[in-house]
Amino acid sequence: MSYAKSGKNKFIFFLLTCFVVLTLIYIKTIFSLPSQITLFENREYTYDFKSPFLNIKLDTEDVLMLESRDVSLNSVNFKFSTPVMFKPQKMGRVNLNMELFGFIPLKTMQVDVIPDREVVPCGNTIGVKINMEGFLVVALSEFETIDGKSLAPAKEAGIKPGDLIVEINKKPVESISQLIKYLDNFDGKSIHVMYKRGNSYHNAIIEPAISLETKKYQLGMWLRDSTAGIGTLTFYDPETKKFGALGHGITDVDTGILMPLDDGEIVESSILAVKKGKQGEPGELKGILIEDKEKLGVISKNCDQGIYGILNENAKNEFPDKLYSIGLKNEIKLGAASIMSNIDGKSVEEFDIEIQKISERNASGSKGMMIKVTDKRLLEATGGIVQGMSGSPILQNGKLIGAVTHVLINDPTKGYGIFIENMIKNIDTLNTNVNTNMKKAS
């Protein structure tokens, strides 16, 4: 009896071990699936989950249809053991919530559906100007008052670098010059300030003091309300005139805060010189903004994936007109590719690069792939990737697949690129009041 019982226990232990191993393999297989995928509208895609115990729940019904030989449990809950047909119905986003045995949550896959379209890759350098929605606090400082005290009024009121001043005495702020004029005529009373920190708004009372040095009232904070620079136009849609550029957001140089956009514009630029990049020191396209000509377009959005807006009607004549299909992330291959860039300020050229890594972790950000410049002409002219080239289109197999975004400081021949699908999503969700914007651009 003891031998029989021992054998039975070993058998049970063997079964449990097999169950645990299979479960771990199964869960690892599920988690190896991407957390986000992008699909084209009105195309069909087949995915084989190879998971007979997997249930998938959709959080919405009208963006994506799933079909399989398996029986549908209900309109938004499916159990699959055979390949699944994904049928995107319209632009939008749906979350696929995956469960083991129908009740153990495993992971959520985000599916974005975008229109199947062709756009025009550009590579032209542009001047970028944006005005902020308020004043960005870039630093706080103490000063000596006429009473011999050392004060920092803004700091004492709770203001911090990175805060955005949006109202002074319950009135919207217009410009820093307006604030200076206000302080020049200050009557000695407290100032009520509304500021934004993160996504929440706060109020503070600042007690300005007279500086011993200037003999004027001061708040003890350094402010910024606008910025300008050189970048590269990535693409535009000839049907809607919407454009995307840079591939990364415009941030404040002192605080690193993404600059909140009030309004902005893109203008022509002229490249005067190239500072070559070298190890430990990034290069730069040195240029100026040409502001005496008609604006090229208006900027409606500044986000982590770049700047977006609408081109002026006549601006399309300044850029290429050859259409390219969009290459999704799952179509990108390691190996040879090219970038389009305008480093001499005269013409856009195509340069050879190599895609060395495709990232799943940063799939939705501006560092989706690692690239290396291999073109001897570009290496000779710039040393690799330099500031001002952000937004340069990346092409592979006749498709637009991304844009250059960053350079590696210790190796300027290498850098990062954003998947073009992330930029396309931003123009698809662009809040465009065309009539208002075009008035600003004209």
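Residues numbered from 1 in each chain as written. Predicted model: local features only at pLDDT ≥ 70, side-chain atom pairs only at ≥ 80, totals over all residues. Heavy atoms only, no water.

1. A look at the overall build of the chain
Counting its secondary structure elements, the chain contains six helices and 32 strands. In the chain, which comprises 442 residues, the proportion classed as buried is 44%. For the chain, the exposed surface amounts to about 22600 Å²; the carbon and sulfur share of it is 51%. (Helix = DSSP H or I, 4+ residues; strand = E, 2+ residues; numbered from the N terminus. Buried < 20%, exposed > 50% of the residue type's maximum accessible area, 1.4 Å probe, protein only. Areas by Shrake-Rupley, 256 points an atom, 1.4 Å probe, with all protein chains shown as cover.)

2. Brief notes about the pattern of salt bridges
Going through the model one piece at a time under the given rule, you end up with 20 salt bridges. For Lys 293, the salt bridge identified is with Glu 268, shortest N-O distance 3.7 Å. Taken together, the residues Lys 293 in the loop between strand E23 (284-290) and strand E24 (297-303) and Glu 268 in strand E22 (residues 261-275) connect sequence positions 25 residues apart. Given a relative accessible area of 18%, Glu 268 falls into the buried group. Glu 281 is the salt-bridge partner of Lys 275, the closest N and O atoms lying 3.1 Å from each other. One network of salt bridges, with partners in common, ties together Arg 93, Asp 112 and Lys 425. (Salt bridge = Lys/Arg side-chain N within 4 Å of Asp/Glu carboxyl O.)

3. Some remarks on helix H5 (residues 420-428)
Among the nine residues of H5, nine are classified as buried, and the element is accordingly described as predominantly covered. Along H5, the residues that are buried comprise Ile 420, Glu 421, Asn 422, Met 423, Ile 424, Lys 425, Asn 426, Ile 427 and Asp 428.

4. Focus: the sheet that holds strand E4 (residues 64-67)
Pairing is antiparallel in the open sheet, where three strands are placed in the order E2-E7-E4. Since the sheet does not close on itself, it has two edges, and those belong to strand E2 (45-47) and E4, each with one partner. Each strand of the sheet is rotated relative to its neighbour by a mean of 25 degrees, with strand direction disregarded. Pairing of E4 with strand E7 (residues 84-88), which is carried by four bridges, proceeds in the antiparallel orientation. Within E7, the residue paired with Met 65 across the bridge is Lys 87. (Pairing = 2+ DSSP bridges. Axes fitted to C-alpha atoms, helices over the stretch in contact; angles between N-to-C directions.)

5. Here we look at the packing of aromatic side chains
By the definition in use, this model includes one aromatic pair. With centroids separated by 6.4 Å and ring planes inclined at 50 degrees, the aromatic side chains of Tyr 236 and Phe 319 adopt a geometry described as tilted. Here Tyr 236 is found in strand E20 (residues 221-236), whereas its partner Phe 319 is found in the loop between strand E25 (306-311) and strand E26 (324-326), with 83 residues between them in sequence. For Tyr 236, a relative accessible area of 3% translates into the label buried. (Phe/Tyr/Trp six-rings, centres within 6.5 Å; stacked < 30°, edge-to-face > 60°.)

6. A few points about the nonpolar core
Residues Phe 86, Leu 96 and Val 111 are the most contacted members of the largest nonpolar core, which totals 35 residues. In this structure, Val 120, Met 132, Val 166 and Leu 246 belong to the second largest nonpolar core, which totals 25 residues. (Core = buried A, V, L, I, M, F, W, Y, C linked by side-chain atoms within 4.5 Å.)

7. So, the pairing of strand E11 (residues 125-140)
Pairing of E11 with E20 involves eleven bridges; the strand directions are antiparallel. Each bridged residue has a counterpart across the sheet, and for Ile 130 the counterpart in E20 is Thr 227. Examined bridge by bridge, E11 and E22 share six bridges and lie antiparallel to one another. Across the sheet, the residue bridging to Asn 131 is Asp 263, located in E22. Two strands pair when backbone bridges link them, and E11 and strand E14 (residues 164-168) are joined in this way by two bridges, in the antiparallel orientation. Note that in E14 the partner of Leu 136 across the bridge is Leu 164.

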